[in-house]
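Letter by letter, the chains look like this.
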Amino acid sequence: MAEPAGNLQFRYIARKRRTKEDRRFVAGAGRFAADIDLPGMLHVALVASPHAFARIHSIDAKSALALPGVFAVLTGDELARGIEPVMSGLDLPKVKRYPLALGLARYVGEWVAAVVAESRAVAEDAAELVEVEYESLPAVVDPEEALKPEAPVVHPDHGSNVLYRRKFVWGPVEQDFAESSHKLAFRARWHRSSTVPIETFGVVANWNHAAQLLEIWASIQMPKYPDQLARALRLPGNAVRVHFDVDVGGSYGVKRGLKHSILAGYLAKMLGRPVRLIEDRLENMRGGDAQGPDRIFDMQVAFDRGGVIRSLKIRALDDVGAHAGRAPLQLGKPVGAIVGPYRIGSVEYEAISVTTNKTPQEAVRGFGQAPTNFAIETTVDCVARHLGMDRIELRRRNLIRREEFPYTIPSGSTYDSGDYHAVLDKALKAADYEDLVMLRDKARAAGNLAGIGIACCLEPSGGNAAFEPLFNPKNETTTWMESCSLKVDLNGAVIASMGTSSAGQGHETLLATVIGEVLERDPDTIRALHSDSLTAGPSNSPVGSRMAIMLGGAAAGAAKKLKVQLIAIAAHNLGVAPEDIEYRGGDVVLRADPGKRLSWDQLVDIAHRKFHLLPPGMEPGLQITHVMEVPGGGALPSPDGRVQMYPCYAFEAHVVYAEIDRVTGQVRIGKYAVGHDCGTIINPDIVHGMTYGGIAHGIGAALYERFAYDENGQLLSGSFMDYLIPSSHEVPDIVIVDHCTPSPLTAFGQKGSGEAGYLGAPAAVSCAVNDALAPLGLSIASLPMSVAVLEELLAAAPGGKR
Amino acid sequence: MKAVDFDYARAASIDETCRLLAGAKGEVKIIAGGQTLVPLLAMRLTRPALLVDINGIASLQGVETRDGAVSIRACTRQADALAHAEIRARLPLLAKALGFVGHAQTRNRGTVGGSLANADPSAEIGLACLALDCQIVARKDGGERVIPIGGFFLGPMTTALKPEECLTEIRLSPWRERGRIGTGFKEISIRRSDFALVAVSCQLVLGEDGVCRRLSLALGGVGPAPFRADEAAKRLTGTRLESRDIENAVASLQETIEPQSDLHVSADYRRRVTGALAARAIAEAHGEAMAGGA
Amino acid sequence: MSRHLVSLTVNGRKLSAEAPARMTLVDFLRDVLHLTGTHTGCEHGVCGACSVLLDGRPVRSCLIFAVQAEGSAVETVEGFAPDPETLSILQDAFWETHALQCGFCTPGMLIAARALLAQTLSPSDDEIREAIGGNLCRCTGYKQIVEAVLLAAERMRRSNEAGRGRG
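Cut-off values and rules
- Sequence order as written defines the numbering, with residues in each chain counted from 1.
- Numbering of ligands from 1 and lettering of chains from A proceed in the order in which they are written.
- Local features in this predicted model are restricted to residues whose pLDDT is 70 or higher, and side-chain atom pairs enter the listing and the counts only when it is 80 or higher, whereas totals over whole chains, interfaces and linings include all residues.
- Any residue surrounded by 20 or more other C-beta atoms within 10 Å of its C-beta is treated as buried, while 12 or fewer makes it exposed and the intermediate range makes it partly exposed; C-beta atoms here are placed from the backbone.
- Helix and strand definitions here come from DSSP, where helices need a minimum of 4 consecutive H or I residues and strands a minimum of 2 consecutive E residues; each element is numbered from the N-terminal end.
- By definition, residues are in contact whenever their C-beta atoms, placed on the basis of the backbone, come within 7 Å of each other.
- Marked domain ranges trace back to an automatic or database domain assignment.
- In this count, Pro and Cys sit with the nonpolar residues alongside Ala, Val, Leu, Ile, Met, Phe, Trp and Tyr, while Asp, Glu, Lys and Arg are called charged and the others, Gly among them, polar.
- Linking buried Ala, Val, Leu, Ile, Met, Phe, Trp, Tyr and Cys residues through C-beta atoms within 7 Å yields a set, and such a set is a nonpolar core.
- Whenever a helix is involved, its axis is fitted only over the stretch in contact; in every case the axis is a line through C-alpha atoms, and angles between N-to-C directions fall within 0 to 180 degrees.
- What sets the label is the angle itself: under 35 degrees gives roughly parallel, over 145 gives roughly antiparallel, 65 to 115 gives roughly perpendicular, and the rest give oblique.
- The handedness criterion is simple: a crossing whose near helix is rotated anticlockwise from the far helix by less than a right angle is left-handed, and one whose near helix is rotated clockwise is right-handed.

K.L.:
Could you clarify how one ought to interpret helix α1 (residues 25-32) of chain C in this entry?
P.N.:
An α-helical turn contains 3.6 residues, so any two residues separated by three or four positions project in the same direction. All names here are of chain C. For α1, a buried count of six out of eight residues is recorded, marking the element as mostly surrounded by other parts of the structure. Those residues of α1 that fall on the buried side of the exposure criterion are Leu25, Val26, Asp27, Phe28, Leu29 and Arg30. Against the buried residues of α1 lie β1 (3-10) and β2 (13-20). One or two steps after α1, the chain reaches histidine 34, where phi turns positive at roughly 60°.

If you want it as structure tokens, here you go:
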């Protein structure tokens, strides 16, 4: 069991509490997109390109349409006439994206036509009968090749494969490099993996003719989804209703199925019947456009002989695949933690986003921070190795100290609070570090490869998407709000609602707990709902580890307003000033004379029914919508690219023990401990759960998972037989020890934690493997560290088998 | 991922199965456990006109000892074979190998015969059967034949079974040598329940004097089919299985194998690890025998 | 198209319904019987989200055709709870330890756990990890699931002892 959070000043927050949502899931009563069944519903299957790059000359659907049970075959040409293209977040007017390929198929698996039939099976039968005439073109599959002038250009109208390129310089980089006694340069490679939830993306669309309203149920986790969907379908915003009470079977960033939804919406409107599109696993892996960062980091670091790191140069080349999506912006978010948890005075950061003929990326948990943390921690280890210094000691020298907070990094973000040294110490203690060292040395003495990995990483949280205006000055978005609607009904029951779907983060429990805390009412009595896009207040969905801060903050704000209102009603009725009132669990008493009191029910009754007892000017009823902007947000970047990225910074210190089988290259993780500081923890089980899951995901990225392509752009790991997700055998027992440095910026001191574990685990596992290899003089800075890669490395070493 | 449409027949007997196989107008596939067949159907990599379900045939279920040989009916579930007292007692290498097959859920459906008929070059059951000199009984409309396992695996996913034949039974003879039996089974897979990249099965008998009286070694995943390393086995028979003996024997393996590359590991990987893996399997068998036998 | 009448017992209830030969058991449960608690995550037998008990054994229902389940007894997650207002000990233990987040793999995990607890009420950590080793989860990292099974086992042992008059 993880150590409980030590915040005993709260009544409900930070205490053990069952997650409300779990009740329906353990009963098998969740309501996922594939569970939605409407009368007359039709099903979609996709026709996908077998070529990495090809001109589409013709599509013949005659045989497909002749199959009984088939209702329509939609081509890219026809669809493009009826919708607006999806634009990227960058200023790229010539890079357009359509749900079905238009003119050119740009990657293997790209959807070229959609078949609608009475069942999924028949739709698949028909899809096989659609004849597409392709003219295959030379494709580019390697990101460095894609930069060369002679490379095939994935978006010919755009003229090159470069979607974005900018070099930021913050601080006296050249001077710091010149003055440093030591410099190192190396390359780190983060190959393509992704979150790959067990539920694929699915959407149900129904066009209600009578109401002229498109109803949508989707497995969605995406900001501004209803708006973008409406815009693409050329519908007014209030002609689309997205139902947020659909359970999402995991997302961790990637479920942004805009193309699926546009397609389903268009088909539903065209056919006048409900349409359901559920990706099967093969469609999902190739054509779902949900792959993840694929980065080459060229790192340079300048440091002194004492191990103090003075400056960093980072060149990050990211291969986004064939379409822009959200991926280029994933190079921008890490700007907010570009030096990690370290006191590094200057940074040069060159971010390059390129297209290749591969499946597009989507937003992945951490939005680029996990690969960046891997690059930073690898750099720190390289410095330690070079100097022959202990890796922990080196980190201690460079970690920002507690007394230095709030601390502003060269790229303009201020870290709100932290005590990195204390968390590191806790992690080492929880790991029994001294024992681990003995264990490792004993294993080494027996001729085995054993290592301990340490990683210190930040989890920026709060989701201020300042990377949008940073990477695209034409986009002046500085609002990144969240809202909560709260009401108390005539019976005194509390109802709260959010304007987003959830994918397992426990937002209903979050709302109930926070509101219960402020109103001093039992969270079990509070109903938390997911509303729909027409009735909800504004939301930007659970991304960027933001909901504890933003939804929690909005809920707290609403509850505080409600409490103020109740006190005002009481003061008016007791003939005193509000300051004379003491609020106790929803009832109120006169501080000076506790015999004078009003109960919750009485206050509710006055608000709803007794206008004659209401303070003059007060609206009747008890209903509040509170909208909250990101703390510290609301500003545009400076010309040199400085901006406050996310507001709150959680911190994690991982300690991992691993052994490598020197014959087979298999890695076994023997012990895993992590110190985690995300400020006040609202629900320990939920936060710990996401951290365990994030670490499991990170282990996958470090050792097992890769979207592997051949030189022709064919995806080789397109099913679960070849894309290897860690099972209960590959994920060790994990010990979490909590620490709390509250954020000064949030309602209860909470920071985000949705991306916890994943942001540090790949770095930690890499560090452990490198420590195990170190006695052989070997190192590796490329993920995943697969069995094949490690065995090859070991075999090639002096004394190896080659 | 829905299969193509097909006709389905639930066969009530082996005879009926053979008649259906013989009389088929399009491609016929037998479905037993379905753990390998159904994914292929779902991915439309196989498109039979008729599926013949043999799961309900009583005479294809069960394990019995007859004339000193253990007979395993083809549709015996891998889970049942793994738990079966006769197999554990008389065919310890097969029992050990079964523990490596897939996962508990797949073993609840997958069958012994199905695995053999599928002929994956790294499949554990085939490897154990090869090391133990198994006989495979195949029946067709018109007769039955016995195929020694040495001639059964012809290539990747290819066996000597004709399209109209149904594998009905396998027969294995427990070793009769006096002494202590030890078994070793080692495989390398990426995750615990994944397909083996390379696998080695070994059974041996140690005499009272610690000398190896008999040894059988089979390798999987290092060629188009699993095969017996008889040369290496010969080198070890009559020795005390010291490190030197084992190293000498496994060194010879390198020349006999023809591994392939795939997405996960290269041919060179397989070539490099085989010797050490075989040594580990032999050592495990040796250790077991020394400790008093399986 | 080859259609068959399939008669089987599901969660203790005998029923019959038509299915095409190519319809898998999981699709039959979900689309014909409207028991949507069992999920499909991969349709090729790897993720385990489709796990059900077939004649008491945990199997992947995406790898069985509905017609093959003729005459069998199938148990799904919907059959766990003694009544709609109550949860089984195992389900309640999952809730207590927060052995789930998105809930998608959960029915499969419950099936695997139930099968294990039918064999032993004192499973070790390793035995639990082995039992759920064929069920992939992307949310939890498995730890709280292991805790849930240990908790359920303990509660079931205690309730057994109570039942025997020793509690």
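And the narrative resumes.
K.L.:
Explain the domain arrangement of chain A here, please?
P.N.:
The extent of an interface is frequently quoted as the accessible surface area lost upon association of the parts. All names here are of chain A. Structurally, chain A comprises domain 1 (33-137 + 201-278), domain 2 (368-464 + 643-796) and domain 3 (481-628). Taken over C-alpha atoms, the centre of domain 1 sits 41 Å from the centre of domain 3. Residue-level contacts link 17 residues of domain 1 with 16 residues of domain 3. A breakdown of the residues in the side of domain 1 that touches domain 3 according to their chemical character gives nine nonpolar, six polar and two charged.

K.L.:
Please clarify how the nonpolar core should be interpreted in this entry.
P.N.:
Side chains that are nonpolar tend, in soluble globular proteins, to be buried together. Residues and elements named next belong to chain A. Counting 426 residues, the largest nonpolar core has Val115 and Ile515 as its most contacted members. Sorting elements by how many residues they give to this core places helix α16 (residues 547-574) first, with 14 residues. Apart from residues lying up to four places away in sequence, valine 115 is in contact with Val44, Ala45, Val47, Ala64, Val70, Val73, Ala123, Ala126, Ala127 and Val130. One finds Tyr252, Val254, Ala290 and Ala363 within the second-largest nonpolar core, a separate group that totals seven residues.

K.L.:
For this particular structure, what's the right way to read the packing of helix α7 (residues 225-232) of chain A against helix α8 (residues 258-271) of chain A?
P.N.:
A pair of packed helices can be characterised by two numbers: the angle between their axes and the separation between those axes. Residue and element names in this part refer to chain A. Relative orientation of the contacting elements α7 and α8 amounts to 50°, with a least axis distance of 10 Å. Relative to α8, the element α7 lies oblique. Handedness of the α7/α8 crossing: right-handed. Residue-level contacts link Tyr225, Gln228, Leu229 and Ala232 of α7 to Leu258, Ser261, Ile262 and Gly265 of α8.

K.L.:
Hey, could you run me through the interface of chain A and chain C in this one?
P.N.:
The interface of chain A with chain C comprises 45 residues on the first partner and 41 residues on the second. The set of elements that each furnish at least two residues to the side of chain A that touches chain C consists of α1 (22-26) and α18 (684-704) of chain A. When residues of the side of chain A that touches chain C are assigned to their parent elements, the largest contribution, nine residues, is made by α18 of chain A. Class assignment for the residues of the side of chain A that touches chain C results in 21 nonpolar, 14 polar and 10 charged.

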